[in-house]
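Structure assessment
Residue strings, one per chain:
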Amino acid sequence: MNIKKTTKNNGEDQNFEITLRPDQWEDYVGQEKIKENLKLMMQAAQQRNESCDHLLFYGQAGLGKTTLAYLIAKEMAANIRTTSGPILEKAGDIAAILTNLEPKEILFIDEAHRINKLVEEILYPALENRKLHLIIGKGPSARTISLDLPPFTLIAATTKINLLSGPFRSRFGATLKLDYYRLEDIEKIIGRSGRILGVTITPEAIRRLAQTSRFTPRVANRLLKRCRDYSQVHNKKVIDEEVIAETLTMLEIDELGLENTDRRLLEIIIKKFHGGPVGLKAVAAALNEETGTIEDVYEPFLMSLGFLHRTPTGRIATAAAYKHLNIGQRVTFV
Ligand code: ADP
């Protein structure tokens, strides 16, 4: 597989991701239904000697969307070019990429919800019937030319499917949702990453670490790496439960994987707004965070733990959140 990047690789964490990123299907843990669907689509395309249908992946950051795109490229023996929604500013940006595609190449666009209207409009006919319509010139002398594109596969990934327009969404052959991982899957991922990083980690420590990994492979790998740093500096040959506990305390991560900001968010709703309902903007102002970050990064995990509800009248902290933070019972005013 030949990887062409249209984006820059920046530094250590990228390398870390690349070494730990599974490059074989057997190492891609969990998400069984998605793998089954994809394998069938790829097999059918290969039998017809065609490129795979366009695919849309959605789900929280770090759940394995990019990894899937690379695995598909490998399976289809295709080159992959990667770019991202915010990088594509003008119609010309996407036109340049599309006209340079080789037959059967894969174009991966991350953060697809940040693709702007101009770029999206170029993509419609490209996805629909492999046509690129370009406007040459300006004013009365402007004319449209149409170019044929080679067969290619667009794989788009997003954390916010609701921000994609209906027409854009409908042009994908399959839309696949990646869910949070099961605990045993995260344990497998930590075990594998431990072997790659050359660390010895006890089964109990793996379990403990998995519990704090927000059911997300990227978080699991990141925490494992921090534990490796800790054990190395403290001359501990084995990562055991003690190393995990000490590393997590240092990082201010609790036993469920909540970080400082997660706890502050809940505390604000509980203490400042009597547990809610409270509007997102009010929470954002009190937390000094962007509303988008709260919606994308913090809330999904808190909701998955049952600590937070999004209701039409605002955010509500649940009784479970009160209990976890050790704050007295939720009082309901009538
Ligand atoms: P996303 O594109 O959804 O943000 P990535 O594909 O970049 O997520 O995944 C982040 C990291 O998590 C990868 O580099 C890889 O190491 C790990 N990872 C993700 N999904 C899996 C999986 N199913 N099995 C093993 N490791 C995974």
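Just so you know, these numbers come straight off a predicted model, no measurement behind them. (Residues numbered from 1 in each chain as written. Predicted model: local features only at pLDDT ≥ 70, side-chain atom pairs only at ≥ 80, totals over all residues. Heavy atoms only, no water.)

1. Some details on the overall build of the chain
In terms of regular secondary structure, the chain is built from 14 helices and 12 strands. Dimensions of the chain, computed from the C-alpha atoms along their principal axes, are close to 70 × 55 × 35 Å. Out of the 334 residues belonging to the chain, those deemed buried represent 47%. For the chain, contacts bridging at least 24 residues in sequence account for 69% of all contacts bridging at least 6. Of the roughly 17100 Å² that the chain leaves accessible, carbon and sulfur atoms contribute 50%. Between the averaged position of the 46 positive side-chain charges in the chain and that of its 42 negative side-chain charges there is a distance of 3 Å. (Helix = DSSP H or I, 4+ residues; strand = E, 2+ residues; numbered from the N terminus. Buried < 20%, exposed > 50% of the residue type's maximum accessible area, 1.4 Å probe, protein only. Contact = heavy atoms within 4.5 Å. Areas by Shrake-Rupley, 256 points an atom, 1.4 Å probe, with all protein chains shown as cover. Lys, Arg positive; Asp, Glu negative; His and termini not counted. Charge placed at Lys NZ, Arg CZ, Asp CG, Glu CD.)

2. What about the pairing of strand β12 (residues 314-317)?
Relative to β12, strand β11 (residues 308-311) is paired through 4 bridges, and the arrangement is antiparallel. By the bridge assignment, Leu308 is partnered in β12 with Ala317. Joining the antiparallel neighbours β11 and β12 is a turn of 2 residues. (Pairing = 2+ DSSP bridges.)

3. Brief notes about unusual backbone geometry
Phi is mostly negative for residues that are not glycine, and the peptide bonds are mostly trans. Note that the residue after Gly276, namely Pro277, is joined by a cis bond; omega there is 5°. Mapped onto the elements of the fold, Pro277 is located in the loop between α11 (260-272) and α12 (280-287). One non-glycine residue, Gln31, lies in the positive phi region at around 50°. Note on Gln31: relative accessible area 13%, which makes it buried. In this structure, Ala77 takes a positive phi of about 50° despite not being glycine. Turning to its location among the elements, Ala77 is positioned in the loop between α3 (65-75) and β3 (80-84).

4. Description of the domain arrangement of the chain
On domain assignment, one finds that the chain holds domain 1 (3-177), domain 2 (183-251) and domain 3 (260-325). The gap between the C-alpha centroids of domain 1 and domain 3 is 34 Å. (Domains from an automatic or database assignment.)

5. Considering the nonpolar core
Taken as a class, soluble globular proteins show a tendency for nonpolar side chains to be buried jointly. Counting 51 residues, the largest nonpolar core has Leu38, Leu55, Phe57, Ile72, Ile190 and Ile201 as the members making the most contacts within it. Formed jointly, this core draws a minimum of three residues from each of two domains, domain 1 (3-177) and domain 2 (183-251). Membership of the second largest hydrophobic core comes to 26 residues, among which are Leu88, Leu101, Tyr124 and Ala126. (Core = buried A, V, L, I, M, F, W, Y, C linked by side-chain atoms within 4.5 Å.)

6. Considering the site of the ligand
Taken together, the neighbourhood of the ligand is formed by 19 residues, with Arg21, Gly62, Lys65, Thr66 and Thr67 sitting nearest. Residue Leu20 places a main-chain N or O atom 3.3 Å away from an oxygen atom belonging to the ligand. Within the complex, 97% of the 560 Å² of free accessible area of the ligand lies under protein. Mapped by element, the contributors of at least two residues to the shell around the ligand are α1 (11-20), α3 and α9 (217-233). For the shell around the ligand, the per-class residue count stands at 9 nonpolar, 5 polar and 5 charged. A domain-level breakdown of the shell around the ligand finds at least three residues from each of domain 1 (3-177) and domain 2 (183-251). (Near = heavy atom within 4 Å. Polar contact = N/O pair within 3.5 Å; in protein donor to acceptor, adjacent residues only side chain to side chain. Nonpolar A, V, L, I, M, F, W, Y, C, P; charged D, E, K, R; others polar.)

7. Focus: the packing of aromatic side chains
By convention here, two paired aromatic rings are described through the distance between centres and the angle between planes. Inspection of every chain in the model, using the stated rule, returns 3 aromatic pairs. Ring centres of Phe215 and Phe301 lie 6.3 Å apart, and the angle between their planes is 55°; on these two criteria the pair is classed as tilted. Here Phe215, found in the loop between α8 (203-211) and α9, pairs with Phe301, found in helix α13 (residues 291-304); they are 86 residues apart in sequence, far enough to count as distant. Given the relative accessible area of 24%, Phe215 is considered partly exposed. On the basis of relative accessibility, which here comes to 2%, the residue Phe301 falls in the buried class. The ring of Tyr70 is capped by Arg21, whose NZ or CZ atom sits 5.6 Å from the centre of that ring. Here the guanidinium or amino end of Arg171 rests over the ring plane of Tyr124, the centre of that ring lying 4.4 Å away. (Phe/Tyr/Trp six-rings, centres within 6.5 Å; stacked < 30°, edge-to-face > 60°. Lys NZ or Arg CZ within 6 Å of the ring centre and 35° of its normal.)

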